[in-house]
Each structure stands twice: as C-alpha cells, then as structure tokens.
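# Descriptive structure summary
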Amino acid sequence: MCEELKKESCRSSFAVSTDDCVQKSISERNVSVLVEEGKSDCETVSGEKKQTCRVTPPDCNAEIYVCSYYWLPEKADRGEMPDYVELRVEIGALSQSCLLHKNEMNAANLMKKCPLVCMESQKSKMTFHQQIRKAVTDQMLMHSLPEGYYFKHVGATWLPNQNLVFVRGNEVIGACDRPYKVDAECSGIHLLHSERPTMKMFDVLNEFTLETSPRPVLLLSYAVLSTIRSVLRDYGIPFQGVLYLYGPPSTGKTTAVQRIFGTYQDDKGQCVGIAQAGSTSTALEEQMRRLRDQPLVIDDLCRSESKRLEKRRIETVSKIIRQATGDIPIIKKSGKNTVSLPNESAIVMTSEFALENLSDCNRLLLVSFRKAKPIPNDLTPACVGDILRLYSQWFTWNWRGEIQEFRKKISSYLSEYKDEMCPRMCTNYACLEAAFDSLMHALRANGLSETTEHNLRLRMKGLLNKSIDCHIRMIARITAKIPLGNLSYYLLLAIKEKQFKMAKRVEDLSSCDGIEWKKDICLKYEAVVRVLRGVYTYRDWSGRKIMNYFRDIGALDIQESNGYTVRLAEGTPRVCRFKKKVLEMDKREFK
C-alpha cells in the first residue's frame, strides 16, 4: 500500500502559484500534526509520520505552520537552506497556504501573499523572521517535514540521484523520488493526450506507410528531437538546427505544424508555442526563453509586394535564426537591471521564400513543400502528445545508450558528407535521423510491428535524402552569388581561363576578342562587358560603370577624355587597353 502511494505521489502534479494564497497540499496522505513547546505529537498514515511545525509570533492574529520545503533539483542534498518553504495559515475556521522563497521569508511577504494575516508591531515581525528560519533549520536536521523538488523550468531535469525526468507543463515524467511542485509559469501548460493512446498512435504510423504524405514523419522526428535538446547539449552534442519549411502558399505548411507542434495548451485551451510572424521580437524572445525543450513555431513568413517590407521580414528571419542557434544568451536592459534571455526552445519556421544568406542557410534543416498532400485525419495534436509522452518515459530509462547512438550517427554523417556540407549541417541532419531512430526504438519496445518500422525507415530515409539534396543545391546557388574577388581579379581570371579569344597578330583582331600588345591587355569593349557581367555580383552593372572603375584605378589607357577605347593600328577595331601591372596591383581575392 505504501509503495502504491509513493508511486501515486510521483505521478501527481502539484502546480504552485506564488501569487495565490490557496495552494494544494503535498498529498492527500499528509496529515498535519503540531509541534509546540518542545512536544512532538505524530499521527501515522500508511506507516509514515507527517508533521507540521508551528511558528506563531506574538501579537499575530493567525497560527502559522511550516508544512514542507522544496529545493531546486540542482541544489538538493547540499545541506543548504531550502529554496521554497510552504506555510499554512489558520485564522479561526479559515485556512490558507502559501509558498515563500528563501529570500522572502519575512512578515511583509507573508502578509502580501495572505492579506488576512496581521502583525502590527515591529517586534512581532522580527520574531517571525527569526522563528521561521530557526524552525526550518531545525526541521531539516530532524528530517521531520516532507521534502520535495521545486521545478522552475519545463523540459529535461537531472535529479541529485542522476535520474532524468521531463517536466511537461504540470506533469513530471520519469522516476521522481520525492513530492514536487511546478512553478506557476510552467504549470499552466498541458501536454495533450487522447483516449486509447497506444492503439491510435500505431494506427497513424501505419497510415504513413501507405499513400499519405510522409513529410509529417520528418516533422515528428524534429518534435522528438526538441524534447531532448538540452540533454544533447549537456553531453556535448552541439545540435543547432532550425526546422525551415518553405514553399508556395496553400501547400499545407501551416496545417502540418499545427498538427505536429500544437501539442501544448494553456488553462484556457489556447495553443502554446505557435506564433505569427508579425509578433514582436520581445514576445518571441520571451517564448524562446520560456518554452524549454519545446518547439516554438513562427508561422507564415510570406512574400510582399513591398520590397522594403519583404526585406524587413528576411532580416527578422535571419535575426531569429542566429538567436535560436547561438550559445550566447541575448542581453537586454530592463530599467536599471540587465536581463539575460537564453534560447531554450527548438525553432520551427514556415515561409514562402528560400534564404539567400549562406551563414543562415547552414543553420537550417530544410523541408520543401511544393504540393499539398493529405495528412492522416487521426494525426492530431493529442496523438502527437501521446507519442511524446511515451517517448519521454522510455528515454528516461534508456538515455545513456541513445546518447552513444547520436554520437555514432554524427560521426557517420561527418564522414559521408564532409565534401558537401559543413560540420554544423552534418550534425543537425545526423541528430534528426538519430532522433527518428530513437523514436523507433521506443515504439518497438511498446509494440510497434517490425514491418511498420521497416516501411517507416524507408520513407524517412527518402525524405532525408531529398532534404539534404535540396539543401546542397540551395547552398550552391547562394555560393555562386558570392563574389570571389573584385573586377580586376575577375578580368585576370577570365584571361587565365581563356574566356577571351585572343589574336596573335594585330591584323587578326577583327575576328577575335583581343590581343596582348606591348605588355598590355587589349580587349574589345563588348567582350569585356559580356564576360564581367556574367559574374553574378556584377550582373546589374552597366558597361559604363565597369569601365569607369578601371579608369578610376588608372588601369585603362585612354586617348580621349570621354572615351574608353583606343586604336592600335590603322584599319583595326578599337579596343580597351588595360595596363597589366595596374590590374595585378589592384587584384583582390576575397577570402
């Protein structure tokens, strides 16, 4: 019986609001017993003793009891003062509870949280401050009051006994060995669930092996990856990928992200973690800090007829990508204080345009949406919530082996794609595939058939190959637009690569592009403009602008103030005469 109660206590959720006066008790089995004037009376419930310690200063209209205390998991078992202490206040027949932080254990904060409490004299307030700290210290030494954990953030959390648990809103998944409370900011978030979860999720996965679109499988793998993001980073796996879904309008991008990533709701039933692209930067940064180990979707980055507005949107995308993939937190000024806003969430973006910045592109995981394809009707946010809950529970017991699998997959990608992708891209795609493999391990352990797993692996591999090929083509297109050097560099390079048809004699110049003449390079105007405008960077430059550049650096030998060409001999075509030494001196190769 006692063991069943302990397990029930670990599974129970205790959401705490430090602003509310009425709080939930640690458990229904905790019976309050007073400790007064050195006497300790205990009442036994299911073989366990639970007590409260009375702290009542003079001139106070209430009886105050210390019920329990809580540590942040990383500070537990250090012998330090608890981070939070739970008090119960009784005034006649009224009973209120509140939670005080260790830095707030004074009369002023107690009366603020429980307005019915009255301590008029300064002596009474000072006595309360001394009594409560002494009571907490004494009860810690005797271990006579319930001790628990206070979870301040959602996501993966390590307990002092090296157990891994996941705080999913007001729910703690894993082997939690003590009672707990969840911070009010987190407890209002709920991971959705459905009826008959195992049967429904297997039916949905079977549909993915048929004719429906397999793209949600890749998105589901990213949802799994987002749940263990902090665990990977704790073990030195530098996953920094932003999932970027792009394609024309009405191809199913928004529907897909709502089905896969809309798995969390608040107390009002509103979806948590999906924001419009028009949201303010401050709001997005706050969500990036708050939604630890959860996906944050920034939806509907659309094109605009206004080039200025579209440019601003592209700049916003670039800024978010860098914030989402950087290790250094955002530092902002709030009044007189400096606030640190680290990114703790996994970012998903839906967009109508491809990115043109190489650095941003290297930080992405690309999914191209070209045509709208059906998604199984049973693939609902609640179904995905069941999958994430099952996976989280399984991962808490098998994380050591899975971390090793992630490292093996990254090594394999770095070896296979070393000539095609940068190390960051290799790591991101390797983590995505390793997350899918890890999900398959969890589902197989819970009854997924071998046939379904095999078919899902085939479809996932095909999706990954398409995404990687698309990504490599995008990088090649961007790289082609990056200038390798200035105009002098490209002109000398074109001569070296024999892009001009050079004559050996002046008499043959009419049928050729140019000739080397007295250590100078003589080229026809049309040939120079054609070759240099073939470089992407200079495609919009006019012939006049190109020639003015060479004239300004002194590389162009001219005979007339308003012309660019000279005649080498009577009866020969006019050419632009470039001084080779000046071109060599002006040549700049960009690194």
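Our structure's up above, just so we're on the same page.
Residues numbered from 1 in each chain as written. Predicted model: local features only at pLDDT ≥ 70, side-chain atom pairs only at ≥ 80, totals over all residues. Heavy atoms only, no water.

All right, on to a negative patch on the surface then. On the surface, a cluster of negative charge is contributed by E416, D419, E420 and D469. Mapped onto the fold, D469 is located in helix 14 (residues 450–481). (Patch = residues over 30% accessible without salt bridge, like charges linked within 9 Å, V, L, I, M, F, W, Y side chains within 5 Å. Areas by Shrake-Rupley, 256 points an atom, 1.4 Å probe, with all protein chains shown as cover. Salt bridge = Lys/Arg side-chain N within 4 Å of Asp/Glu carboxyl O. Lys, Arg positive; Asp, Glu negative; His and termini not counted. Charge placed at Lys NZ, Arg CZ, Asp CG, Glu CD. Helix = DSSP H or I, 4+ residues; strand = E, 2+ residues; numbered from the N terminus.)

To continue, consider helix 5 (residues 197–208). Its 12 residues place the ends of helix 5 17 Å apart at the C-alpha level, agreeing with the 16 Å of an ideal helix rising 1.5 Å per residue. Within helix 5, the full set of buried residues consists of M201, F202, V204, L205 and F208. Axial view of helix 5: buried residues confined to an arc of 160°, hence all on one face. Tucked inside the fold, the buried residues of helix 5 contact helix 6 (215–227), helix 12 (381–416), helix 13 (423–445) and helix 14. (Expected span 1.5 Å × (residues − 1). Buried < 20%, exposed > 50% of the residue type's maximum accessible area, 1.4 Å probe, protein only. Arc of directions from axis to C-beta. Contact = heavy atoms within 4.5 Å.)

Before going further, it helps to spend a moment on the sheet that holds strand 17 (residues 274–276). The five strands lie next to each other as 17-18-21-15-22, forming an open sheet whose pairing is parallel. Strands at the two margins of the open sheet, each flanked by one partner only, are strand 17 and strand 22 (364–368). Across this sheet, the average inter-strand angle for adjacent strands is 20°, counted without regard to direction. As judged from the four bridges shared by strand 15 (residues 242–246) and strand 21 (residues 346–351), these two strands associate in the parallel manner. Bridging across to strand 21, L245 finds its partner in T350. Against the sheet, helix 14 engages strand 15 and strand 22, with an angle of about 110° to strand 22. (Pairing = 2+ DSSP bridges. Axes fitted to C-alpha atoms, helices over the stretch in contact; angles between N-to-C directions.)

The N-to-C vectors of helix 16 (residues 525–532) and helix 17 (residues 543–552) enclose an angle of 100°; their axes lie 10 Å apart at closest approach. On the basis of the axis angle, helix 16 is roughly perpendicular to helix 17. Residues Y525, V528, V529 and L532 of helix 16 touch helix 17, and the partners they reach there are G543, R544, I546, M547 and F550. Grouping the amino acids of the contact of helix 16 with helix 17 by side-chain chemistry returns seven nonpolar, one polar and one charged. (Parallel < 35°, antiparallel > 145°, perpendicular 65-115°, else oblique. Nonpolar A, V, L, I, M, F, W, Y, C, P; charged D, E, K, R; others polar.)

The subject of this paragraph is the environment of M425. Mapped onto the secondary structure, M425 falls in helix 13. Owing to a relative accessible area of 0%, M425 belongs among the buried residues under this scheme. It is 9.0 Å that separates the C-alpha atoms of M425 and C361, two residues lying 64 residues apart in sequence. Not counting the four nearest positions on each side in its chain, M425 is found in contact with N362, H471 and I475.

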